[in-house]
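# Results of the structural survey
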Amino acid sequence: MLPTVVGVRVMAPPALRLFCVHGYRQDEKSFRERTGSLRKALRKRAELLYVSSPLRVPPPGGPAQPSAAAGDGIQAGETEENARGWWFSNPGEESFNALDHVETCKGLEESLETVSKAMVELGPFDGIMGFSQGAALVSMICALKQQGDSRFQFDFAILIAGFRSRCKLHERFYEEPIALPSLHVFGDTDRVIPGAMSQELSTLFMDPVILTHPGGHFVPASAPQKKVYLEFLERFQKK
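Residues numbered from 1 in each chain as written. Predicted model: local features only at pLDDT ≥ 70, side-chain atom pairs only at ≥ 80, totals over all residues. Heavy atoms only, no water.

### Some thoughts on the overall build of the chain
Helix and strand content of the chain: 7 helices and 8 strands. Scored against the burial criterion, the 239 residues of the chain give a buried share of 51%. Surface exposure of the chain reaches about 11,900 Å², of which carbon and sulfur atoms provide 54%. (Helix = DSSP H or I, 4+ residues; strand = E, 2+ residues; numbered from the N terminus. Buried < 20%, exposed > 50% of the residue type's maximum accessible area, 1.4 Å probe, protein only. Areas by Shrake-Rupley, 256 points an atom, 1.4 Å probe, with all protein chains shown as cover.)

### Section: the packing of aromatic side chains
Using the criterion set out here, one finds 10 aromatic pairs in the structure. By way of ring pairs, the aromatic residues Tyr24, Trp87, Phe96 and Phe163 are connected into one cluster. For the cation-ring pair, Arg17 lies above Phe125, with the distance from its terminal atom to the ring centre recorded as 5.1 Å. Note that Lys145 overlies the ring of Phe154, its terminal NZ or CZ placed 5.5 Å from the centroid. (Phe/Tyr/Trp six-rings, centres within 6.5 Å; stacked < 30°, edge-to-face > 60°. Lys NZ or Arg CZ within 6 Å of the ring centre and 35° of its normal.)

### Considering the nonpolar core
The biggest cluster of nonpolar side chains holds 47 residues, and the ones touching the most others in it are Phe19, Trp87 and Leu137. Elements with a minimum of two residues in this core: strand E1 (16–21), strand E2 (46–51), helix H4 (108–122), helix H5 (133–146), strand E6 (156–160) and helix H6 (195–202). It is H5 that provides the largest number of residues to this core, a total of 9 residues. Residues contacting Leu137, with those up to four places away along its chain left out, are Val21, Trp86, Trp87, Leu108, Leu112 and Val115. One finds Cys20, Leu42, Phe131 and Phe236 within the second-largest nonpolar core, a separate group that totals 25 residues. (Core = buried A, V, L, I, M, F, W, Y, C linked by side-chain atoms within 4.5 Å. Contact = heavy atoms within 4.5 Å.)

### Things to note about the pattern of salt bridges
The full count for this structure, using the stated rule, is 8 salt bridges. With a shortest N-O distance of 2.5 Å, Glu94 and Lys106 are connected by a salt bridge. One end of the pair, Glu94, is in the loop between strand E4 (84–85) and H4; the other, Lys106, is in the loop between E4 and H4, and 12 residues separate them in sequence. One salt bridge connects Lys227 with Glu231, and the closest N-O pair in it is separated by 2.6 Å. Separated by 4 residues within a single helix, Lys227 and Glu231 lie in helix H7 (residues 223–234), roughly one turn from each other. Among the charged side chains, a network of salt bridges with common partners joins Glu113, Asp149 and Arg151. (Salt bridge = Lys/Arg side-chain N within 4 Å of Asp/Glu carboxyl O.)

### Digging into the confidence of the model for the chain
Per-residue confidence for the chain gives a mean pLDDT of 89, with 86% of residues at or over 70. For residues 74–78, every residue scores under 50 in pLDDT, and the model assigns this stretch 10 contacts once sequence neighbours within four places are set aside. (pLDDT = per-residue confidence, 0-100.)

### Regarding the sheet that holds strand E7 (residues 182–187)
Read from one edge of the open sheet, 6 strands run E2-E1-E5-E6-E7-E8, paired in parallel fashion. Among the strands making up the open sheet, the edge pair consists of E2 and strand E8 (209–213). Each adjacent strand pair in this sheet contributes to an overall mean axis angle of 20°, direction not counted. The pairing of E7 with E8 spans 5 bridges and is parallel. If you follow Gly187 over to E8, its bridge partner there is His213. Its contacts with the sheet put H4 on E1 and E2, and the angle it makes with E1 is roughly 155°. (Pairing = 2+ DSSP bridges. Axes fitted to C-alpha atoms, helices over the stretch in contact; angles between N-to-C directions.)

This is how it looks when you write it as structure tokens:
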């Protein structure tokens, strides 16, 4: 009598859930569209969920702004009405420049409250990902989590084109190394947030994973970057 062969179906581990934080002068819809290639690259490995900042960015006026003040750009199909930011380095004009060394700023606490509520409503989350000003915000959220803030629950962070805030009020976020696992991604030719600023941010984390790419200010998702993303995410995949 031949032995009975029982087929065993190996179930794929559930996709990781990533909370996604857009850049300056973007919103959840535009950031979702701009990360289409990344979502495709991480398909079945990660589910990306997005939220918009509560702060509307006024339409720019006057002379052209320098790159670090211009934000992350308005592309075809996007409007100034959708432009949002996580805090303003110039409270009077409600504008932002990543290079501003200022004593005070506006809007951060409101943004942190929006993020914490969204993480509860949409959660739970395995990780958090931010781009540009959103990545700077993510670094602050990581610091708050390490300091015991129970509003923020996740296991790792991905920071793309991030930077350390130059606002004096934000120095409290950078007083001690952040132990949370982190992946830092930045472009060699980024003219909005130079790579040196993203490199500086990475030094605030313990054992950061660094991924550089030859491009500019965008979320990269070609084959070389996909490999690193997947290797990093695999560390947190539930077997």
